Amino acid sequence: NNWTTMGSMMDETDKLRDLYEADKRDPAAIGKEYKKIFDLKRQMIVEMLTTQNQIEDLLTADQRAQLKDMRQKMRSMYDHYPMH
């Protein structure tokens with residue numbers, strides 16, 4: 001599902017670029033375009049989380065525990081990353 005949404009988001013980003021490149025920028029039109037892009041991004045996040053939940057529902061309790069542990073380790077590594 002996200003491939004279609006990503007394509008739509010790219011189309012809207014192109015429109016946004018065109019609005020910024022206009023001789024006179026229209027703040028209201030630019031704001032509407034950002035809203036469309038943010039709504040598409042939000043839709044992609046919901047789809048991703050729904051898919052992750054469906055996958056995790058297939059895991060055993062031990063596999064879910066291992067996944068949780070791996071996520072915590074990744075988060076810990078990210079928290080210590082100098083550019084964070």
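For the structure itself, consult the block above.
Residues numbered from 1 in each chain as written. Predicted model: local features only at pLDDT ≥ 70, side-chain atom pairs only at ≥ 80, totals over all residues. Heavy atoms only, no water.

### Section: the nonpolar core
Inside soluble globular proteins, nonpolar side chains tend to come together where they are buried. Met9, Leu16, Ile30, Ile37, Leu40 and Met44 together form the largest nonpolar core, which totals six residues. For this core, the secondary structure elements donating two or more residues are α1 (2-21) and α2 (27-57). For this core, the element with the most residues is α2, which contributes four residues. If near-sequence neighbours (up to four positions away) are discounted, Ile37 is found in contact with Met9, Glu12, Thr13 and Leu16. (Core = buried A, V, L, I, M, F, W, Y, C linked by side-chain atoms within 4.5 Å. Buried < 20%, exposed > 50% of the residue type's maximum accessible area, 1.4 Å probe, protein only. Helix = DSSP H or I, 4+ residues; strand = E, 2+ residues; numbered from the N terminus. Contact = heavy atoms within 4.5 Å.)

### What about the packing of aromatic side chains?
Each pair of aromatic rings is reported with the distance of its centres and the angle of its planes. All told, the structure shown has two aromatic pairs when counted by the stated rule. A ring pair is formed by Tyr20 and Tyr34, whose centres lie 6.4 Å apart and whose planes are at 80°; its orientation type is edge-to-face. Of this pair, Tyr20 sits in helix α1 while Tyr34 is found in helix α2, placing the two residues 14 residues apart along the sequence. The partly exposed category is assigned to Tyr20, whose relative accessible area is 40%. Classification of Tyr34 by relative accessible area gives partly exposed; the value is 30%. Counting every residue linked through ring pairs, the aromatic cluster contains Tyr20, Tyr34 and Phe38. (Phe/Tyr/Trp six-rings, centres within 6.5 Å; stacked < 30°, edge-to-face > 60°.)

### A closer look at the pattern of salt bridges
Taken as a whole and judged by the stated rule, the model has eight salt bridges. Here Lys15 makes a salt bridge to Glu12, at a shortest N to O gap of 3.4 Å. Of the two residues, Lys15 and Glu12 both sit in helix α1, three residues apart, roughly one turn of that helix. With relative accessibility at 13%, the residue Glu12 sits in the buried group. Bridged by salt links that share partners, the residues Asp14, Arg17 and Asp18 form one connected network. (Salt bridge = Lys/Arg side-chain N within 4 Å of Asp/Glu carboxyl O.)

Treat this as a map of the structure, not an account of what it does.
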